[in-house]
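Residues per chain are reported as follows:
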Amino acid sequence: LSTWSAVPAGPPDPILGITEAFKADTDSRKINLGVGAYRDENGKPYVLNAVKKAEEIMTAAKQDKEYLPITGLAGFTKNAAKLAYGADSVPLNQNAIAVTQTISGTGALRIGGAFLARHYPHAKIIYLPTPTWGNHIPLFKDSGLEVRNYRYFDKKTVGLDFEGLKEDLKNAPEGAIVLLHACAHNPTGVDPTQSQWAEISDLVAEKKLFPFFDMAYQGFASGDTNRDAFAVRHFVSQGHQVALCQSFAKNMGLYGERVGAFSLTTKDEDERKRVDSQLKIIVRPMYSNPPLHGAHIANTILSNAELYQEWEGEVKGMANRIISMRERLYELLTNGYQTPGEWGHIKSQIGMFSFTGLKTEQCKALADKAHIYMTMDGRISMAGLNGSNIEYFAQGVDAAVR
Ligand code: PLP
């Protein structure tokens, strides 16, 4: 008898399953809109010029391969915090932000979950929006937090269920943790407006909730890293202490390099040092210290004025290409094919993803009949569309809803 004979087969990952089906499809018109990675106008993965130049600088400097400290590359974590909180941030300038480098955004969430499970002094309950990034749910459960939900998306309006959101947060127990997508909500592409963020901030204060931000798309939503950091900076300016997860997967195209950061704002430098020491105690037995290469790339860009400027231009370029695909798709569905239904949300949604409103059967039909692959909740990655395939896609959607 094998030691593992009682291990049951788990279900396949829904998103990676789509990629497999796409790969197996031999039709030349096939389109993969499942995966959340940017593609250029030729449908190809895109390595940013700023990244290539940073790597050239690193190669020329004959970078060694020594271990990083437990909380990562100090220059990187400092610059990552500055990017998120802003150079004029009060806690940043008071040396009161505890920050550790992480294994991209997922690692940031996981370290954050572990820190809260161990040190958060109130109810260890985290409220997630419905829907949310699928991985949030097992991730926070595995971290030892109790997962609950708040309403977020209104299927009828294909927009934000703001009243539902407020009601659910009002009914949350005092002191609960609330996960907020800082910008470019995944999977819906629906974000609160700035005035709605201000209301959420007031409500979070009133109910003494703890705001835990997931910012996986800074710069990717609007093309402007400052604009996309509005929610985080507003909360901090209102006196909230926040937790923040950052990822450089999308905005620097460093997906497989796994570059991220987790931070907590604290009262003062002394408290920050104590929190830092506990972050180290969580990281050390988990993976000892984070990988070097990607953090070095990100830090080279963030600390070099010329590369920083080039990077900002490239982030804007990626965001703008996605926005132009939204406009084109909207045009094709409304004025072009005169597809039944309301399609304004295609244009108003933000970031990498769009919740099309397509039903499961329609998504299945698109895969089976048109070789177009997406998640069965109707989410498409806008970055998978380009000038060569968007008409074919719109035609497929038109056929699927008629
Ligand atoms: N959070 C959200 C909302 C995401 O969409 C993603 C990636 O798709 C992540 C976090 C983490 O991604 P990564 O671990 O690749 O940085």
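Cut-off values and rules
Residues numbered from 1 in each chain as written. Predicted model: local features only at pLDDT ≥ 70, side-chain atom pairs only at ≥ 80, totals over all residues. Helix = DSSP H or I, 4+ residues; strand = E, 2+ residues; numbered from the N terminus. Rg over C-alpha atoms; globule rule 2.2 N^0.38 Å. Buried ≥ 20, exposed ≤ 12 C-beta atoms within 10 Å, placed from the backbone. Contact = placed C-beta atoms within 7 Å. Near = placed C-beta within 6 Å. Nonpolar A, V, L, I, M, F, W, Y, C, P; charged D, E, K, R; others polar. Core = buried A, V, L, I, M, F, W, Y, C linked by C-beta atoms within 7 Å. Pairing = 2+ DSSP bridges. Axes fitted to C-alpha atoms, helices over the stretch in contact; angles between N-to-C directions.

Structural notes on the overall build of the protein chain
Item 1. Check the secondary structure of the protein chain and you find 16 helices and 13 strands.
Item 2. Relative to the globule expectation of 21 Å for 402 residues, the C-alpha radius of gyration of the protein chain, 21 Å, shows essentially globular dimensions.
Item 3. Over its C-alpha atoms, taken along the principal directions, the protein chain stretches across nearly 65 × 60 × 55 Å.
Item 4. Across the 402 residues in the protein chain, those meeting the buried criterion constitute 46%.
Item 5. For the protein chain, contacts bridging at least 24 residues in sequence account for 76% of all contacts bridging at least 6.

Examining the site of the ligand
Item 1. Surrounding the ligand, one finds Gly36, Ser104, Gly105, Thr106, Trp133, His181, Asn186, Asp214, Ala216, Ser247, Ala249 and Gly260.
Item 2. Here the shell around the ligand is composed, by residue class, of three nonpolar, eight polar and one charged.

A closer look at the nonpolar core
Item 1. Core analysis: the biggest nonpolar cluster contains 112 residues, and Val178, Phe213, Met215, Val232 and Ala298 have the highest contact counts within it.
Item 2. If one sorts the elements of this core by residue count, helix H13 (residues 305–336) sits on top with 10 residues.
Item 3. Setting aside anything within four residues of it in sequence, one finds Val178 in contact with Tyr127, Leu169, Val204, Leu209, Phe210, Pro211 and Phe212.

A short note on the environment of Ala229
Item 1. By secondary structure assignment, the location of Ala229 is in the loop between helix H9 (225–228) and helix H10 (230–237).
Item 2. Along the chain, Ala229 and Gly86 lie 143 residues apart, while their C-alpha atoms are 8.3 Å from each other.
Item 3. Excluding anything up to four places from it in sequence, Ala229 contacts Ala84, Gly86 and Gln218.

Overview of the sheet that holds strand S3 (residues 125–130)
Item 1. Here seven strands make up an open sheet; going across it, the order is S2-S10-S9-S8-S7-S3-S4 and the pairing mixed. Each of the sheet's edge strands pairs with one partner strand only, and the pair in question is strand S2 (97–103) and strand S4 (146–151). The average angle at which neighbouring strand axes cross in this sheet is 25°, direction not considered.
Item 2. Inspection of the sheet shows strand S7 (residues 177–181) paired to strand S8 (residues 210–215) by five bridges, in the parallel sense. Counted as the bridge partner of Leu179 is Phe212 from S8.

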